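Residues per chain, in single letters:
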There are 4 protein chains.
Amino acid sequence: MPLPYLPLPHLVNPHGDCAMTFVTSSPYPYPYNGDLRPENTVLLIIDMQIDFCGGGGYVDRMGYDLSLTRAPIEPIRRVLRAFRKGGFPVIHTREGHRSDLSDLPGNKRWRSRQIGAGIGDPGPCGKILVRGEPGWEIIPELAPLPGEPIIDKPGKGSFYATDLDLLLRGKGIQNIILTGITTDVCVHTTMRDANDRGYECLLLTDCTGATDLGNYQAAIKMIQMQGGVFGAIAPSEALLKTLETMTIQPPAQQPDAVISSSNH
Amino acid sequence: MPLPYLPLPHLVNPHGDCAMTFVTSSPYPYPYNGDLRPENTVLLIIDMQIDFCGGGGYVDRMGYDLSLTRAPIEPIRRVLRAFRKGGFPVIHTREGHRSDLSDLPGNKRWRSRQIGAGIGDPGPCGKILVRGEPGWEIIPELAPLPGEPIIDKPGKGSFYATDLDLLLRGKGIQNIILTGITTDVCVHTTMRDANDRGYECLLLTDCTGATDLGNYQAAIKMIQMQGGVFGAIAPSEALLKTLETMTIQPPAQQPDAVISSSNH
Amino acid sequence: MPLPYLPLPHLVNPHGDCAMTFVTSSPYPYPYNGDLRPENTVLLIIDMQIDFCGGGGYVDRMGYDLSLTRAPIEPIRRVLRAFRKGGFPVIHTREGHRSDLSDLPGNKRWRSRQIGAGIGDPGPCGKILVRGEPGWEIIPELAPLPGEPIIDKPGKGSFYATDLDLLLRGKGIQNIILTGITTDVCVHTTMRDANDRGYECLLLTDCTGATDLGNYQAAIKMIQMQGGVFGAIAPSEALLKTLETMTIQPPAQQPDAVISSSNH
Amino acid sequence: MPLPYLPLPHLVNPHGDCAMTFVTSSPYPYPYNGDLRPENTVLLIIDMQIDFCGGGGYVDRMGYDLSLTRAPIEPIRRVLRAFRKGGFPVIHTREGHRSDLSDLPGNKRWRSRQIGAGIGDPGPCGKILVRGEPGWEIIPELAPLPGEPIIDKPGKGSFYATDLDLLLRGKGIQNIILTGITTDVCVHTTMRDANDRGYECLLLTDCTGATDLGNYQAAIKMIQMQGGVFGAIAPSEALLKTLETMTIQPPAQQPDAVISSSNH
């Protein structure tokens, strides 16, 4: 272990043609079935908010080093540009709570207060982790475009109490490319929940970061156990190389899309 | 059948004191365990939006008689006033879709267009059933107060792809008082899903309406089958009488509450 | 209203070829997009258990007329035979509770006892609505074959607290043909929840029944409101006729399938 | 950071009396509100199956060292004995798939085959990770007693596609004590999903194990970030000491309980 990849009879591109597309990833070439297309693959950018990687936000208030959670900004930017150019769908997420805190579990609030960064309490970027406040906004470098849905989530996972699964279903998504912060918390929880639902997941190692380097490294390693227990990992360069080999036609303009800063 | 109510050993108010509170309802006095308090009971007002009971909205465009869906406005208003006075929590819901329609299943869109009221298409009240448009707003008569959460839902049920269950959990809710429109569609779906989760449900018959009178009557009847298969029903007068007998202290002011027209 | 069906540009079979398949149904030809194939269409048979249509079971104990819930047996049998022959997937459901009743909400138990048919209490067919008891078994006329999954559900809906959605996802299902009992309770709740998730649903009118004829009729009518608010309805004859026109090749034998009387 | 624990006005035992109960844990005394009782606290034992810690099972077939996943057996046994004695509820989980593999995502199967331990393929303990097979059984040392529910789950998390949440709700659970294997996969996914739902979680460090020591250590560390981002951790000795200080009366015998080897 790792064993060599066995030729398997069911490794057939369900799309029907011979061309299979793989990213050079670990512990196996992604996606497992070689079916990577703009019609079935989404870029998910998790919680790139001021609260998690901006000055005066939640993570800053807890006293963590911001350089770790800011490191993925540029790599994500490059992947985002390539996905937009290739006509792939993009979805962003934001962690945050209702301003009346009715969706904030008591223990989550208590813990945040214990470490001096109480959710809902005033901070330099407005009420900490509250929807509509400055700190909750996605950083300008990665601002969503019109037609790129934003998932507002109250938890660490992106599926619980949100419409993410409905959106993925509607788009016919099978493959999820995961980026964002933090690796060991929101990104990992989302990857685990996506994997249980049967989505084929790839984490881009340089497009994610954690508040602690050891936790980042461990989170990357965990994914590769058991032949890829939650999916696969790759540097963004590997994915970009694969995209370059694909002949992709941008989709027709979607006239309904408008800029939405919330989930309206 | 209906059989007389048997004395059951587990019919004990879990709150521990002797006082039990019941509403005169059918097919049994509500709630089943007599534990009705502001701490465990919520008023749920479903989809009282212009699109469902206002001129030029979705239901109007489909050609239905608005008087049926407008009938519950005044009764809901009275109950809402009593609940607010008694310090009970209130939650509102809105059906509507993201402006890019990414949460709109293809068949739902197709059907709405077939009958000349295409979701997302322009209408007298803006894009039909789209978040942020005039037709999607809750009618002024029942406008939410600060601190009353609003659930934005893409479907008929209020639990699917929303944070409603998280909110009910956080508030310690056991009993749900259902009002709103339409009786046989969104209200019934929500009642069914709430009942499966173990919530004790009461539908207020005059606080709800449908686009068709027969469907309204059938929806009321269905609830009372099998000893109350989805809960119980009562006129709002019965509930108001019960509230009057309770000595209720309004809760302390919640300083965090602010007006929110969306789920921020 | 109903308006004539408009020609819509997006009414295109996503499978890519020209052949579109429709069932003569109301209020629109089913499925909306003409894409009806064994690969994307499942027959769902809901709760055809002794407790709901057999002597001495739960419904019998409540004093309802069994002829109404037994009426769909033969029509379902014909459709089941056609679906098996055509290589369509089939899924069965069973309502029932764990023998320790840990999944039985307190109000559901209380109500059943009030009407003399206490869930978990002994009856002529074993403990009422309890898994593993004789009354809980699917009736022999519609016994599942090896490889036809059975969903054990604690509620009225088939999605809550079950793996149904995971199974549908895995099979690539888009269309659900609904049959079983009772029309207004378990079948309707399942249809509503499936519809909210974007599945395209067809209820076969003669393949379902209720404990009350009026409720049965109202449940059928409700579906056809708003251009098909939960999907469409048709007699089974219409579906069988459509199947006859399709040239269907039975799938290759699935060697893994074994007889399973539970969800092992 | 970690900051000293601040006295907070809302740190009040909702049960109403003065006695608060805490376990000496990290990064804060558990539970946060001091409300630890048999009525609101469950012991969750995750996947202590032959496939994960027995000879010839799934983990053994993948070539991992079994001593790591077998280490928690004795510590869990001690905690299980204390919980049973104290009248606390206990829930067990099992990962496994339907024998027709209809609940097995294609990528999960493919990955398992790549590493020579194909789910559903024959092994020394029967078909790997399939319900009803010898390898899928809970190890005899930790065999469930009558009345202790078993959750059969198709994924790594214990909430997805199961009735766990319904059971916890029915029992009035607020606190979850997590044990079992493997720490970084099924235990962590379950802890994350429980935490998002508002449950207050404690992982017992010696009652859990992973296939890799570094992953075990990292999983423990991750929990303690951000003031306890997923809850708290403690050695089982700390919890047992706390239980000794509580005066607990065993609950009345539950006559309905019967031995169940499946989820019937």
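Above: the structure in question.
Note that the structure is predicted; figures quoted are calculated from it, not measured. (Residues numbered from 1 in each chain as written. Chains lettered and ligands numbered in written order. Predicted model: local features only at pLDDT ≥ 70, side-chain atom pairs only at ≥ 80, totals over all residues. Heavy atoms only, no water.)

A. Quick peek at the relation of the copies chain C and chain B. Of the two same-sequence chains, chain C is brought onto chain B (RMSD 0.0 Å, axial shift 0.0 Å) by a rotation of 180°. With respect to symmetry, the two chain copies, as superposed, fit the operation of a two-fold axis. Of the C-alpha atoms belonging to chain C, the one lying closest to the rotation axis is found on A218 of chain C, 3.0 Å away. Counting the interface residues of chain C, we find that 100% of their copies in chain B are interface residues as well, pointing to one common contact surface. (Least-squares fit on C-alpha atoms with pLDDT ≥ 70 in both. Contact = heavy atoms within 4.5 Å.)

B. Representation of the environment of H188 of chain C in the model. Within the secondary structure, H188 of chain C sits in helix α7 (residues 183–196). Given the relative accessible area of 1%, H188 of chain C is considered buried. C-alpha separation for the pair H188 of chain C and Y160 of chain C, spaced 28 residues apart in sequence, amounts to 14 Å. Residues contacting H188 of chain C, with those up to four places away along its chain left out, are R192 of chain B together with T182, T183, A219, M222, I223 and F230 of chain C. (Helix = DSSP H or I, 4+ residues; strand = E, 2+ residues; numbered from the N terminus. Buried < 20%, exposed > 50% of the residue type's maximum accessible area, 1.4 Å probe, protein only.)

C. Representation of helix α4 (residues 73–86) of chain B within the structure. All names here are of chain B. Compared with the 20 Å implied by 1.5 Å per residue over 14 residues, the 20 Å span of α4 between its first and last C-alpha is a close match. Within α4, burial applies to I73, P75, I76, V79, L80, F83 and G86. Mapping the buried residues of α4 onto a view down its axis gives an arc of 155°, with all of them on the same face. More than 90 degrees from the buried face of α4, the exposed residues found are R81 and K85. Considering only its buried residues, α4 is in contact with β1 (41–46), α3 (66–70), β2 (90–95), β6 (175–181), β7 (200–209) and α9 (236–245). Directly after α4, the chain includes G87, whose backbone phi takes a positive value near 80°. (Expected span 1.5 Å × (residues − 1). Arc of directions from axis to C-beta.)

D. Local environment of empty space enclosed by the protein. All chains considered together, the criterion is met by 17 cavities of 30 Å³ or more. For the largest cavity, the calculated volume is near 960 Å³. As for the largest cavity, its lining consists of 42 residues, and the residues nearest its centre are R197 of chain A, Y160 and R197 of chain B, R197 of chain C together with R197 of chain D. Those elements giving two or more residues to the lining of the largest cavity turn out to be α6 (164–171) of chain A, α6 (164–171) of chain B, α6 (164–171) of chain C together with α6 (164–171) of chain D. (1 Å grid on protein atoms, 1.4 Å probe; cavity = no way out; pocket = protein on both sides within 12 Å on 5 of 7 lines; lining within 4 Å. Points joined across faces, edges and corners; volume = space filled by probe spheres on them.)

E. Here's a closer look at the sheet that holds strand β1 (residues 41–46) of chain A. Residues and elements named next belong to chain A. Pairing in this open sheet of six strands is parallel, and the strands run β5-β2-β1-β6-β7-β8 from one edge to the other. Across the chains shown, the open sheet's two edge strands, defined by having one partner strand only, are β5 (150–153) and β8 (232–234). Here the average twist between neighbouring strands, direction ignored, is 25°. In terms of strand pairing, β1 meets strand β6 (residues 175–181) through six bridges, oriented parallel. (Pairing = 2+ DSSP bridges. Axes fitted to C-alpha atoms, helices over the stretch in contact; angles between N-to-C directions.)

F. Broad picture of helix α9 (residues 236–245) of chain A. Turning to α9 of chain A, its buried residues number three or more, namely S236, A238, L239, L240, T242 and L243 of chain A. Buried residues in α9 of chain A make contact with α4 (73–86), β6, β7 (200–209) and β8 of chain A.

G. Representation of the sheet that holds strand β5 (residues 150–153) of chain C in the model. All names here are of chain C. One open sheet accounts for six strands, arranged β5-β2-β1-β6-β7-β8; its pairing is parallel. Sheet topology places β5 and β8 (232–234) at the edges, where each strand pairs with a single neighbour. The sheet shows a mean angle of 25° between the axes of neighbouring strands, taken without regard to direction. Note: strand β2 (residues 90–95) against β5, four bridges, orientation parallel. In the strand pairing of β5, H92 is matched with I150. α6 rests against β1 (41–46), β2, β5 and β6 (175–181) of the sheet, and its axis sits at about 180° to β2.

H. Spatial organisation of the relation of the copies chain D and chain C. Aligned on chain C, chain D shows an RMSD of 0.0 Å; the corresponding rotation is 180° and the shift along the axis is 0.0 Å. The overlap is high: 100% of the interface residues of chain D also sit at the interface in chain C, so the same surface is used on both sides.

I. Layout of the interface of chain C and chain B. Every contact between the two is made by 53 residues of chain C and, on the other side, 53 residues of chain B. Interface area, chain C with chain B, both sides summed: about 5300 Å², of which 57% is carbon and sulfur. Three residues stand out in chain C for area buried against chain B, namely W110, R111 and Q226 of chain C, and they jointly supply 16% of the buried area on that side. Seen at the junction of chain C and chain B, the total is four salt bridges. Among the ionic pairs, E200 of chain B bridges to R111 of chain C, the shortest N-O distance being 3.0 Å. The tally of links between chain C and chain B comes to 26 residue pairs in polar contact (both at pLDDT 80 or more). For the side of chain C that touches chain B, the elements supplying multiple residues, two or more each, are α5 (106–114), α7 and α8 (213–223) of chain C. Among the elements that line the side of chain C that touches chain B, the one with the most residues is α7 of chain C, at eight residues. Class assignment of the residues belonging to the side of chain C that touches chain B gives a composition of 24 nonpolar, 18 polar and eleven charged. (Buried area = accessible area lost by both parts, 1.4 Å probe. Salt bridge = Lys/Arg side-chain N within 4 Å of Asp/Glu carboxyl O. Polar contact = N/O pair within 3.5 Å; in protein donor to acceptor, adjacent residues only side chain to side chain. Nonpolar A, V, L, I, M, F, W, Y, C, P; charged D, E, K, R; others polar.)

J. Highlighting the side chain of E148 of chain A. Residue and element names in this part refer to chain A. Among the secondary structure elements, E148 is positioned in the loop between β4 (126–127) and β5. The class of E148 is buried, set by a relative accessible area of 8%. At a separation of 2.8 Å, a polar atom in the side chain of E148 contacts the side chain of H92. At a separation of 3.0 Å, a polar atom in the side chain of E148 contacts the main-chain amide nitrogen of L145. In contact with E148, not counting residues within four places along its chain, are L80, R84, V90 and H92.

K. Up close: the packing of aromatic side chains. The full count for this structure, using the stated rule, is 20 aromatic pairs over all chains. Ring centres of Y32 of chain A and W110 of chain D lie 5.8 Å apart, and the angle between their planes is 55°; this geometry places the pair in the tilted category. Within this pair, whereas Y32 of chain A is found in the segment before β1, its partner W110 of chain D is found in helix α5 (residues 106–114), the two belonging to separate chains. Exposure remark for W110 of chain D: the relative accessible area of 4% places this residue in the buried category. An angle of 90° between the planes, with centres 6.1 Å apart, marks the rings of F52 of chain B and Y58 of chain B as edge-to-face. (Phe/Tyr/Trp six-rings, centres within 6.5 Å; stacked < 30°, edge-to-face > 60°.)

L. Representation of unusual backbone geometry. Cis geometry marks the peptide bond from Y30 of chain B to P31 of chain B; its omega dihedral reads -10°. If you trace the backbone, P31 of chain B turns up in the segment before β1. Following S26 of chain D, the chain continues into P27 of chain D via a peptide bond in cis, with omega recorded as 5°. Positioned with a positive phi, L129 of chain C is a non-glycine residue whose angle comes to about 55°.

M. Region of interest: the packing of α4 of chain A against α9 of chain A. All names here are of chain A. The interhelical angle for the contact between α4 and α9, taken along N-to-C directions, is 15°, at an axis separation of 10 Å. As far as their axial angle goes, α9 and α4 are roughly parallel. Considering the relative orientation of α4 and α9, their crossing is left-handed. Contact residues: α4 offers P75, R78, V79, A82 and F83, while α9 offers S236, L239, L240 and L243. (Parallel < 35°, antiparallel > 145°, perpendicular 65-115°, else oblique. Left-handed = near helix turned anticlockwise from the far one by under 90°.)

N. Expanded view of the environment of T242 of chain A. Residues and elements named next belong to chain A. Looking at the secondary structure, you find T242 in helix α9. On a C-alpha basis, the gap between T242 and R111 in space is 43 Å, while along the polypeptide they are 131 residues apart. Within polar-contact distance, the side chain of T242 engages the backbone oxygen of F22 at 3.1 Å.

O. Structural context of the state of the cysteines. Residues and elements named next belong to chain C. Summed over the entire model, instances satisfying the criterion amount to zero disulfides over all chains. Unpaired in terms of disulfides, C125 finds its nearest cysteine sulfur in C53, a separation of 11 Å. The exposure class assigned to C125 is buried, which follows from its relative accessible area of 13%. Residue C201 stays outside any disulfide, its sulfur separated by 15 Å from that of C207, the closest cysteine. (Disulfide = S-S within 2.5 Å.)

P. Structural detail: the pattern of salt bridges. Overall, the coordinates contain 68 salt bridges over all chains when judged by the stated rule. Of the charged contacts in the structure, one is a salt bridge between D103 of chain D and R131 of chain D, with a shortest N-O distance of 3.6 Å. With D103 of chain D in the loop between β2 (90–95) and α5 and R131 of chain D in the loop between β4 (126–127) and β5 (150–153), this residue pair connects regions lying 28 residues apart in the sequence. Just as D103 of chain D is buried, R131 of chain D falls in that class too. Salt bridges sharing common partners tie together D165 and R169 of chain A together with D165 and R169 of chain C.

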